[in-house]
Amino acid sequence: MNGHAARRVLTLHLGVIVLLFLAQFALPDYHHTNVARIMVLAAYALGYNILLGYTGLMSLGHAMFFAAGMYGAGLPVYYLGFGAAGALVTGVAAGMLLAALFGLVALRTSGVSFLIVSLMFAQAFYLASLYFNEITLGDQGFSLSGNLAPLELGGASLGFHEPALKYNAALLLFTACFLLSLGLRLSPIGRVLIAIRENEERTRLFGYDSMRYKLLALVLSGGLAAAAGATYALLFSYVGSTFASILFSIYPLLWRLLGGVGTILGPLVGTGLMFYLVDIASGITSAYLLVVGVVLVVLILWFPQGIMGTLRAKWLPWLP
Amino acid sequence: MSFGPHLFLALLEGTVTAFVLALTALGLSLVFGVMRIVNVAHGEFFMLGAVLAWVCASLVGTPVAGFLFALIVAPLIVGALALAADRLVLRRIDYHPEGTIVATIGLLYIIQQAVLTLYGPEARPVTPPVYFTLTFPWFGYSGYKLVVAAISASLLGATWWLLAHTRLGLYMRAAQQDLEMAQAFGVPARRVYAMVFALGAMLAAVAGVLVVPIQQAHYLMGLDPLLLSFIVVIIGGLGSVKGTLVAAFVVGISDGIVSVFFSPTLAKIVATLLVAAVLVVRPGGLFGEERA
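Residue indices follow the written sequence of each chain, beginning from 1 at its first position. To label them, take the chains in the order written and letter them from A, then take the ligands in the order written and number them from 1. Under the rules for a predicted model, residues below a pLDDT of 70 receive no local features and side-chain atom pairs below 80 are neither given nor counted, while totals for whole chains, interfaces and linings still include all residues.

1. Concerning the overall build of chain A
Basically, it comes down to this: Secondary structure is summarised from DSSP: a helix means a run of H or I of at least four residues, a strand means a run of E of at least two, and numbering begins at the N terminus for each. Radius of gyration here is computed from C-alpha atoms only, and the compact-globule reference equals 2.2 Å multiplied by the residue count raised to the power 0.38. To sort residues by exposure, count the other C-beta atoms lying within 10 Å of each residue's C-beta; 20 or more gives buried, 12 or fewer gives exposed, and values between give partly exposed, all with C-beta atoms placed from the backbone. C-beta atoms are placed from the backbone for every residue, and two residues are taken to be in contact when these atoms lie within 7 Å.
Looking only at helices and strands, one finds 14 helices and 4 strands in chain A. A globule of 320 residues ought to have a C-alpha radius of gyration of about 20 Å, and chain A, at 19 Å, matches this closely. When its C-alpha atoms are laid out on the principal axes, chain A stretches across 55 × 45 × 45 Å. By residue count, 50% of the 320 residues in chain A fall in the buried class. Put simply, of all contacts in chain A between residues at least 6 apart along the chain, 76% involve residues at least 24 apart.

Laid out in structure tokens, this is it:
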């Protein structure tokens, strides 16, 4: 990549972040909260993308990492009175630990088997969150409001109900995940991961231990998903097993596909668009998930590259 | 009730579960084996079978006639739907493995939400076509469940006969072993694929019809059979018919035992851990061929 192109890429991506920052002063209340949610969910999609986009492993079980982050952060707050920072750490740690354990078993398979195994483990996680409902309160879930101490920042005390805190914390999370993805893409590790996606045998022949790299990608991916889950729990003050259900494993796949396969901005675009599509559809009919089904089929038939992917193919070949 | 009869009950329940599961999972396994695709909407074909059985039962007066009517009509409708899905979606993306998964997830939601809209969110019961109780010294057992096992067994036998002794079966086995070679010998791959996809869906639909009098028809009932079929197919080895049947009995009977003695939720968790154990020992499944 030459200097000019690199600058253009950097400008575009920083511009998106700046635009998101400025948007909070212009958005009406309802959309203000929605965009905050979208940014947290887009961080989840970015985490998902690390596994699929770089190593080519398609997972249908990422909801377990999202939910592990959620429970890992929510339970200590609810039962032990943890603060937000501590809860974020325990949440991410829970997700990474789960991803590592899962990877040790599931990475023995690949392709379609990996997908099915991830789906089943996520389902076992979901069922476990229902089974231990004395602790997790099952699908009824629990609220964190009243348990979470306000954030002390430079003498000021910020409650988690403040919209401005929600928005900027979400933006911070999204930016961190975004830069991490971009950095990984350009780093030597990222190149090895892409090499594994393209040809695992040959990468092994070059002397790279592909299993270790795949495990690393999975742990990173699970870690970002868990960070998103933990942040979601802290900002929106709710923890429940719905977030561990299969639908929440399918969503990041859909967001990424809609936004654009193999692009860094894709997850944000896809998450935002799908969020509003579902939001509008659920106002019209109780069968709003029909939209999810139709969008999936239409995408795979006519736009397998998604929005940003199609843009890149047609007009913007330099888009990463 | 003491331990012995309890265990006997668990084994009975497990055997019935296993037969229905074998039927459902065989459909998934055939589709995977021959077409090398994973049909995530498989559970919805099961659900459609169950819902159509309810529709048939409410159209036809007597339970026996309604049941027999459903046993013929439901698989035909579901098979036709599968043919349409194959023609309109799967063939157009050239059976690309990951594309198929996305497309069948889409199909899952389309079918499920269409049923929610047309049929509603209620769980509706269907009267069993036969009603008698087998009286054991310790408990009475629903005779219909044994009818379910018998019908499942004969359908499994019929499918095996189809695979082993008919031209379609020969084509299917040929396509599974080596598609290009099969095509070179004049196997009409597209027609075989369409037939296999429809056959897989019909097996699931029949299982759905059989299960309604025990379970009630509900638009979300497709998920459990899908996941259990996945477990069976993974343990048995993707694409192996023999493995699918053996694994269906392992999973079905252990599910019966854990369900009766502990809880159905725990049974599902145990089944998943069983998969993990199998994968650690044999990544290809018990009867799986090593395939990249």
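Continuing now.
2. Quick word on the overall build of chain B
Counting its regular elements, chain B contains 11 helices and 2 strands. The helix and strand sequence of chain B, counted from the amino end, reads α-α-α-α-β-β-α-α-α-α-α-α-α. For 292 residues, the compact-globule formula gives about 19 Å, and the C-alpha radius of gyration of chain B, at 19 Å, lands near that figure. With the C-alpha coordinates of chain B rotated into their principal frame, the extents come out at 60 × 50 × 35 Å. Sorting the 292 residues of chain B into buried and exposed places 50% on the buried side.

3. Focus on the interface of chain B and chain A
To be explicit about the condition: Polar here means any residue outside two lists: the nonpolar Ala, Val, Leu, Ile, Met, Phe, Trp, Tyr, Cys and Pro, and the charged Asp, Glu, Lys and Arg; Gly therefore counts as polar.
Taken together, the 34 residues of chain B in the interface contact 31 residues of chain A. For the side of chain B that touches chain A, the secondary-structure elements that each account for two or more residues are α4 (97-119), α9 (223-236) and α11 (264-281) of chain B. In terms of residue count, α4(B) provides more of the side of chain B that touches chain A than any other element does, 15 residues in total. Looking at the side of chain B that touches chain A residue by residue, the classes come out as 25 nonpolar, 6 polar and 3 charged.

4. Focus: the packing of helix α2 (residues 29-55) of chain A against helix α10 (residues 210-236) of chain A
All names here are of chain A. Threshold: Orientation is described by axes fitted as lines to C-alpha atoms, over the contacting stretch for helices, and by angles from 0 to 180 degrees between their N-to-C directions. To sort the angles, those under 35 degrees are grouped as roughly parallel, those over 145 as roughly antiparallel, those from 65 to 115 as roughly perpendicular, and the leftovers as oblique.
Two elements in contact, α2 and α10, have axes whose closest approach is 8 Å; the angle formed by their N-to-C orientations is 170 degrees. One finds that α2 runs roughly antiparallel with respect to α10. Taken together, the residues of α10 that come into contact with α2 (itself represented by Ala-36, Val-40, Leu-41, Ala-43, Tyr-44, Leu-46, Gly-47, Tyr-48, Ile-50, Leu-51, Tyr-54 and Thr-55) are Lys-214, Ala-217, Leu-218, Leu-220, Ser-221, Leu-224, Ala-225, Ala-227, Ala-228, Thr-231, Tyr-232 and Leu-235. In terms of residue class, the contact of α2 with α10 is made up of 19 nonpolar, 4 polar and 1 charged.

5. Looking at the environment of A:Val292
Looking at the element boundaries, A:Val292 is found in helix α13 (residues 289-302). Residues A:Val292 and A:Tyr251, 41 residues apart in the sequence, show an inter-C-alpha distance of 8.7 Å. Once residues lying within four places of it in the same chain are set aside, the contact partners of A:Val292 are A:Leu254 and B:Tyr109.

6. Here we look at the environment of A:Ser129
Residues and elements named next belong to chain A. With respect to the helices and strands, the residue Ser-129 is situated in helix α5 (residues 111-131). On a C-alpha basis, the gap between Ser-129 and Ala-170 in space is 26 Å, while along the polypeptide they are 41 residues apart. Apart from the residues lying within four places of it in its own chain, the contact partners of Ser-129 are Ala-67, Thr-136, Ser-241 and Ala-244.

7. Describing the confidence of the model for chain B
Residues and elements named next belong to chain B. Where we set the bar: Confidence of the predictor at the level of single residues is captured by pLDDT, which takes values from 0 to 100.
Per-residue confidence for chain B gives a mean pLDDT of 85; residues scoring 70 or more make up 98%. Across chain B, the element-wise mean pLDDT spans from 76 in strand β2 (residues 140-142) up to 91 in helix α2 (residues 42-59). Both confidence scores are given for the complex: pTM 0.84, ipTM 0.80.

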